[in-house]
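Summary of structural features
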Amino acid sequence: VRAAASTLESNSGIEEALFGPGQNKDAKLSAKIHLGMVAADYLEKLGRELLHTDAPLLLDEIKEASAASSASAAVESKLTDLWVNTLMTLATRCCATVEPDVKNGDLLDIRPYCKLKVIPGGSVEDSAYMSGVMFHKNVSHKKMARVIQNAKIMMLSGGIEYTRTENRIASLDTLLEQEERYMEILVTKIFKLKPDVLIVGKSVCRKAQELLLRANIALIQYVKPTLMARIARQTGATMLSSIDHVMNSTILGHCRRFRLVSFRDNDVWVDDDDASAKAISSDQKSVPLLLSQNIPNHERQAALAARKLGEGVLDGMDAVTLGLAKRGVVKTYVMIEGCPKELGCTVVLRGASRPALKMVKRVLRFLINCSYNMKLETSYILERCCRLPPSYKIPSTPCFSSSLCVDFGQPPNNRKARPWNGGKNDPAQRSLSGKITPLDHQAILITSVWMTDKTQCCPAEVKGICYYSMQDVSLGQFLRDSCFNLSLKCQNPSCKKSVIDHSLSFIHNDGLINISVEHMDNPIPTSSLQKQQRDLDSSSTSKQETPLDYEPIATWTYCTKCNQVVTPLIFLSKQTWQWSFGKFLEVFFYNRDAIINAPGHRCSCRMQTSSQLFFGCGSLAARFTYEKISPYSVFCRRHLPFDEIFHRMHSLQDLEHISTTSSSLFVKYDKQIEAISRETRELFGSAMNKPEHLQAVLSELNLVSAEVDNASKVLQEKISAVTAKYSKADSGKRAEVRSEYNEALFNFPWYSRRYLFMLASAWNERLSAAGQALSAMKKIQHAGGSRGDSAVVPAIVGDASTEDVIEGMKRIRMLQETYSRNYNVAKMTMPRSHKGEGGLFEGNILPDGRVATLEQEAEIDDEEFYSDSGDNDIDFEDDIDADVLASRNRVYSPQASSSSKRSSRQRPKKVVGGKRPSDLAEELPIIHDTSPSPLGFANNYDSSGQLESQGKSKTVTAGGAVKSALTRFFNRVGNKEDPYVVDLGLFGKGRPRLQPGIGGLVIPVFDDQPSTIIAHSLASSDYEVQFKQFLNATSQPESRSEKHEPSRKDIERRMLGRNKSHIKHTFRDFDEKAQQLCKFVCTTFWSVQFNAVRQAFMNPQISSKDSSSGDTAPGSTKSSVTNRLDIEKSYIRSLATSFAWAASGGKSGAAFSRTTDDRFVIKCISRTELQMFLDCAPAYFEYLSKAFFHGLPTVLCKIVGVYQIGYHNRVTGRRTMEQVAVMQNIFYGRKISKIFDLKGSLRGRFTRQSNVEKEKKPSKKSTHYRRSKSDATSDSDSFSSGDEDDDDTLSTSSGGIEKDEKVSNNAEKGEKTDKSASFPTLLDGDFLEFTSGRPLPLTDRAKAVFHMSILNDTLFLSIINVLDYSILVGIDEEKMELVVGIIDFMRQYDILKQMERVGKSLPMVVGSEAPTIIQPPLYKARFTNAMERYFMTVPSKWTTI
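The structure displayed is predicted, hence computed values, not measured ones. (Residues numbered from 1 in each chain as written. Predicted model: local features only at pLDDT ≥ 70, side-chain atom pairs only at ≥ 80, totals over all residues. Heavy atoms only, no water.)

1. A short note on the packing of helix α6 (residues 172–192) against helix α7 (residues 206–214)
- Where α6 meets α7, the closest approach of the two axes is 9 Å, and the angle between their N-to-C directions is 45 degrees. The angle between α6 and α7 falls in the class oblique. Our pair here, α6 against α7, has a crossing hand that is right-handed. Contact with α6, carried on its side by E180, M183, E184 and V187, involves K207, A208, L211 and L212 of α7 and no other residues of that element. (Axes fitted to C-alpha atoms, helices over the stretch in contact; angles between N-to-C directions. Helix = DSSP H or I, 4+ residues; strand = E, 2+ residues; numbered from the N terminus. Parallel < 35°, antiparallel > 145°, perpendicular 65-115°, else oblique. Left-handed = near helix turned anticlockwise from the far one by under 90°. Contact = heavy atoms within 4.5 Å.)

The structure is reproduced here in structure tokens:
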């Protein structure tokens, strides 16, 4: 302020302060002239557009008038320009003359003081402006004066009548005499004031009219009160209620001239010679038509009078005096002219029909408002010492605003609703064309927030301002009443601070205006005020007000880029003081082109973004600062897609890892075979062993070596072919083909691993048999070498070793026969079973029962994908399983095997890809062998084809259990000491001996990953059988077919089912000696209902109708063909690989894990939470059905499954039983920079700094693991790992793994986290610090949907008595979206929660925050109120209410 004042006093005048001492007024005038010319051009463009959109009848009449001319287009353009120029001239003249005085109580709007009259007929040049009042009335007697110069006007709101006394008998003559005397007294009072015109609001009796006629006083009666108020304002007359209040002549008004003017009524009469040929409306009469017919005399006289009067008459006085002005021919108007021009005016429009002129009147009325606003706006811009850039040009796009340089842009998301315009359905405030014009943008919605020291005094409130209406105030009024009024009280009753301690923020579109009031050291100097007024008086020809009713307000500007005050101290003029505050905000938010005009300070920065605006009054200064903000949208997932690209890359990566690991495994086998062969060849020189036995061992070793080499070759060829073919996107394929194509690829890695495990297990058995026989031979040789010393004992040992050799030879021959019939290493195929299980490399069973082979769907040639080379063809028997393969001591049942063979052979083959069954039989390498299965390959199905239950209970005594444990222990120790067996490493992980699922789906199971147990159970045949039983009990007959795709109604019916559908599934894992290693149990609760939830939530067809745009994760593809089996497979595939996840922010200590594809989060819950959720599960399903199928807004985190899982590992002795809930990952597919967990309470809701630093700092092991994995994998971004201690996880899950196998083990188990830095979960207090106490801005639509969702969800949770829930908010800075979801809603308000609430309430003191545990209705109210404080709506010009 001191800098601005010193600048002003040191220079001579405002111009020198602005432009420096070396410049003159020409620079200022040039900027002012340029601004005025741009404003005039913009107004003309605006008027022309409004004529085309809101005056179509006028344009039609212009076209008809120009149609007769040869150059009709030029004439039409000329007439249109004439109308535009006339309207602009009238509008600008009204604004130049009429000046409302807002300080003294006038309205902000100029339009009530500018009356528009429509008189049809004449031409557009006849339109006129007058400083006075014109209205449709006539004097009460035709002999009264029609023209009076310098007339004095008296106004009476009531009437002049004699009130007779009722209920009294009087003579009629007496009454008439009393009335006459009373009227004479009243008229005498009026006559003493010598008025020329008397305007009365009601009636005047006949006697008074005669007396007024004698006194030469013109009488006009029945005048409306509003019209009388306008006349009183412009003439200065005092409106009296009765004659008794007549005091002196000061009550009279004055005008230059009073006259009556008559115009022909063209709404009744038509002067068209060809009128008979045209359609004439019911209210019009054709003069030629009437004169040509036999009509009554009075109608003929009226028609003659109308013809004689003509259309172009301006004054019908002659027609009246000559008697031609019959009823209905002319209209008489009263004109009161020569009133003070600043008080009001009247504009007469002529030149068209009345309907067309009514439209023009509407356009002109709005143009007057635009011109007046432009006048005040340019005054504000000049007083801010700003200007438009010299190169600025008016854009060619249609105008949307009545202000300069304001661009609202296009409606977001192609919105079709009209902007908010005051909330009224008044057609006058909308465009007649239906288009959006400046008529629709005469209001603004803003959000206001009062703050004190980063604390909200009141919640954010959306307010609407209609420009120049009663809701609006002037800029000076706002500064005087809201900024410089120290007695202003805060809206919060508990806040006792003054306005200086508060800051007011207005938020709109993408900007925030912050207003703060400060005390200045010195008051604003007023010495230059008189000088500024003299300068304004000298530059203006109009009379200026000298007295100041209020303390003056000054303004100056501080440039933030130049770091100095760049404008002088300028006091607000009357025009700027009266400018609409709503328009001030609009210009502040949207005028991005104006620049500061201060060449003396070399500043030409942007007015909006680079300056701070100050207003000062006395010793107070109000600072206006502008900040650019970016409102957030709200994203809540309505459909959870399946990321096929991620799983494709994951499968290809697994294949690459399998290729590397299998190569090393094959090398180990070669080395082991070579070592055993070398030991065998060393025994050939001994005479104690038979050569045929040694030769049999060598033959077995050579056979195994050939199989290993052949398997290595075939596997590498197949993996290379699959990798080459499946690494491409194949986007051109049909959706059905692409789905089968991807399913085959996804199943391939674990199929191949299980197959290799079975092959390697067989090789280990054969090597073990050969090794045991070789050991026996070594003992015989050793016994033979020492026979000379002791002949008895060595003989006994030799005989025992000989028996071992013979037993070993029998075992070798049996294994040769077994594997020669049941393995096909060359083709690595497995024939289809009668249960429909597809071969591992041959094809997959699709949901409808068809067999999709890799070579058919992927178009891989037989030669490339299948290898026919090799002499040792070994194939697997039907229904082979790891359990059955290991238990070789079981009794073989030939009837079951033969029946299964017959069912396999008799099973009809379906056509795949349009090929004949005969072609398929030739292509598929299925081997039909009628030989009986050997020992150890018994069928695992009963005679009816049903799978035998693996969960049958066994009665085990205590002694038997101890004996079994000891046996397992010693067998395990002995197995580890077997030197001839090769460690399988990676291929032995994931319990590959478990029974495959439906369609041969192989799901690995890891003890430390609960999701894998769930996935294996859901994919099992036992689960499918029980699920179909529940499904058939709840479904309608037409929807029970497997091929029938469930409709929306079917899914909703299943979701709303009340019958429990819990499924308990038990399965076991055995070792190679048929001894049980581990027992698993998985109980699926509400299986049918949760399946329906997954169908609705994960099916794009069902959820697409209710889902928002951008609901699909990157890389996901939407298939038009989807059914329950496809969705369940994607769900199982996601659960098949997961990793432990150290989620931050919670205090419950619950364990979390997350699937590798990030779609789901698995949370361990307590038994209490499980039971509570199961009790209210029907209500949960009903609520979700409303959300999925009826469009109910919700932000609940979707729980898609609840399970109870357990396992008993008999090797380690560990027993575990836990409850888990599978829910969506709210942040799936999003890049989140900050995460907040909000409950609505500030008590203890701050993140500890130590925890934040601990989470931000990764451990050494975690960093090393990420580096190792990125080196070992090709796609480190998609498969990077861990926040938690991964090495600890590895040691507990796999135990005894080599260092180079840690990466592969994590890859197989799917351990993965984001590669980016971990962000801690922040709480409510951290959220307020992040937003500086101000609510977080949301777009209008986002806030509306978010608010409605919060109300719906909290009401539902309150009804089911749930509390202690919170909302998780993640900020996606790239998309400017908040990803939200309500979590932790599985705990009801039970006795434990009540005790917790009481315990936390005891140490409370007055004024402290309430505990987080309160009753559900109170919790709901606190939560919703907090969401209103935390988030606010940011309206735009396209916002509707």
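Continuing now.
2. Section: the packing of helix α29 (residues 1048–1055) against helix α30 (residues 1087–1098)
- Where α29 meets α30, the closest approach of the two axes is 8 Å, and the angle between their N-to-C directions is 140 degrees. Put simply, α29 runs oblique to α30. In the packing of α29 onto α30, the handedness of the crossing is left-handed. Where α29 abuts α30, its residues I1051, R1054 and M1055 lie against V1088, Q1089, N1091, A1092, V1093, Q1095 and A1096.
- Looking at the contact of α29 with α30 residue by residue, the classes come out as six nonpolar, three polar and one charged. (Nonpolar A, V, L, I, M, F, W, Y, C, P; charged D, E, K, R; others polar.)

3. Some remarks on the state of the cysteines
- Evaluated as defined, the whole model comprises zero disulfides.
- Left without a disulfide partner, C95 is nearest to the cysteine sulfur of C94, which lies 6.6 Å away.
- On the basis of relative accessibility, which here comes to 3%, the residue C95 falls in the buried class. (Disulfide = S-S within 2.5 Å. Buried < 20%, exposed > 50% of the residue type's maximum accessible area, 1.4 Å probe, protein only.)

4. Quick notes on the side chain of T625
- Along the chain, the position of T625 falls in strand β25 (residues 620–628).
- Aside from chain neighbours lying at most four places away, what touches T625 is L512, I513, N514 and Q612.

5. Section: the side chain of R230
- Along the chain, R230 falls in helix α8 (residues 225–235).
- It turns out R230 is buried and unbridged, and the closest side chain with the opposite charge, D106, is 12 Å from it.
- In this structure R230 touches P112, K115, V133, C345 and T346, once residues within four positions along its chain are discounted. (Lys, Arg positive; Asp, Glu negative; His and termini not counted. Salt bridge = Lys/Arg side-chain N within 4 Å of Asp/Glu carboxyl O.)

6. Digging into the sheet that holds strand β31 (residues 1138–1141)
- Reading across the sheet, the seven strands line up as β29-β30-β34-β35-β33-β32-β31 and stay open at both edges, with antiparallel pairing between neighbours. Edge positions in the sheet fall to β29 (1063–1070) and β31, since each of these pairs with one other strand and no more. On average, adjacent strands in this sheet sit at an angle of 25 degrees to one another, irrespective of strand direction.
- Sheet analysis places strand β34 (residues 1199–1209) next to strand β35 (residues 1214–1224), joined by ten bridges and oriented antiparallel. Counterpart to Q1204 in the pairing with β35 is Q1219. (Pairing = 2+ DSSP bridges.)

7. Details of the packing of aromatic side chains
- All told, the structure shown has 42 aromatic pairs when counted by the stated rule.
- Taking the centre distance of 4.8 Å and the plane angle of 35 degrees together, the rings of Y380 and W579 count as tilted. Pair noted here: Y380 is in helix α12 (residues 354–383) and W579 is in the loop between α15 (574–577) and α16 (581–590), with a separation of 199 residues, a long-range link. Accessibility assignment for this pair places Y380 and W579 in one class, buried.
- An angle of 90 degrees between the planes, with centres 5.3 Å apart, marks the rings of Y1131 and F1160 as edge-to-face. Of this pair, Y1131 sits in helix α32 (residues 1124–1135) while F1160 sits in strand β33 (residues 1160–1165), and the two are 29 residues apart along the sequence.
- A relative accessible area of 0% means that F1160 is categorised as buried.
- Aromatic ring contacts, followed pair by pair, group Y380, F478, F506, W579, F581, F584, F588, F589, F615, F624 and Y626 into a single cluster.
- Its guanidinium or amino end placed over the ring of W577, K103 lies 5.0 Å from that ring's centre, counting from NZ or CZ. (Phe/Tyr/Trp six-rings, centres within 6.5 Å; stacked < 30°, edge-to-face > 60°. Lys NZ or Arg CZ within 6 Å of the ring centre and 35° of its normal.)

8. Section: the sheet that holds strand β13 (residues 330–337)
- Overall, antiparallel pairing links the four strands, which are arranged β3-β13-β10-β4 in an open sheet. With one partner strand each, in any of the chains shown, β3 (133–135) and β4 (147–149) form the two edges of the open sheet. Pairs of neighbouring strands in the sheet enclose a mean axial angle of 25 degrees, with direction left out of account.
- As paired strands, β4 and strand β10 (residues 257–264) are joined by three bridges and run antiparallel to one another. Across the sheet, residue V147 finds its bridge partner in β10, namely R259.
- Helix-sheet contacts for α8 involve β3 and β13, and the interaxial angle to β3 is about 155 degrees.

9. Quick notes on a positive patch on the surface
- On the surface, K115, K224, K358 and R365 cluster together to form a positively charged patch.
- Secondary-structure assignment places K115 in strand β1 (residues 114–118).
- Looking at K115, the relative accessible area reads 33%, which means it is partly exposed. (Patch = residues over 30% accessible without salt bridge, like charges linked within 9 Å, V, L, I, M, F, W, Y side chains within 5 Å. Areas by Shrake-Rupley, 256 points an atom, 1.4 Å probe, with all protein chains shown as cover. Charge placed at Lys NZ, Arg CZ, Asp CG, Glu CD.)

10. A short note on the environment of P412
- Turning to its location among the elements, P412 is positioned in the loop between β15 (386–387) and β16 (443–451).
- Taking the C-alpha atoms as reference, P412 lies 9.6 Å from T1439; in sequence the two are 1027 residues apart.

11. Focus on the nonpolar core
- Core analysis: the biggest nonpolar cluster contains 107 residues, and M1055, I1199, I1367, I1382, F1385, M1427 and F1431 have the highest contact counts within it.
- Ignoring anything within four residues of it in the chain, the contact list for I1367 reads F1236, D1237, L1238, F1346, I1350, V1380, G1381, I1382, F1423 and M1427. (Core = buried A, V, L, I, M, F, W, Y, C linked by side-chain atoms within 4.5 Å.)

12. Overview of the pattern of salt bridges
- Going through the model one piece at a time under the given rule, you end up with 35 salt bridges.
- A salt bridge links K497 to D453; the nearest nitrogen and oxygen atoms lie 3.3 Å apart. Pair noted here: K497 is in the loop between α13 (475–483) and β18 (503–508) and D453 is in the loop between β16 and β17 (461–466), with a separation of 44 residues, a long-range link.
- Look at D453 and you get exposed, because its relative accessible area is 63%.
- Where K1028 meets E1024, a salt bridge forms, and the shortest distance between an N and an O atom there is 3.8 Å. Residue K1028 and its partner E1024 are both found in helix α28 (residues 1021–1034); the two are separated by four residues, about one turn of the helix.
- Given a relative accessible area of 27%, K1028 falls into the partly exposed group.
- In this structure, a network of salt bridges that share partners links the residues E44, R48 and D81.

13. Brief notes about the confidence of the model for the protein
- Here the protein averages 76 in pLDDT, while 69% of its residues score no lower than 70.
- Confidence drops under pLDDT 50 across residues 539–549; counting only partners more than four residues distant or on other chains, this segment forms seven contacts.
- Low pLDDT (under 50) marks residues 1250–1317, which in the prediction has 110 contacts with non-local residues, meaning those over four places away or in another chain. (pLDDT = per-residue confidence, 0-100.)

14. Section: α12
- For α12, which comprises 30 residues, the first-to-last C-alpha distance of 43 Å matches the rise-based estimate of 44 Å (1.5 Å per residue) to within 8%.
- In terms of residue burial, α12 counts as a mostly covered element, since 24 of its 30 residues are buried. (Expected span 1.5 Å × (residues − 1).)

15. Here's the deal with a nonpolar patch on the surface
- On the surface, L29, I33 and M37 cluster together into a nonpolar patch covering about 300 Å² of accessible area.
- Looking at the secondary structure, you find M37 in helix α3 (residues 25–54).

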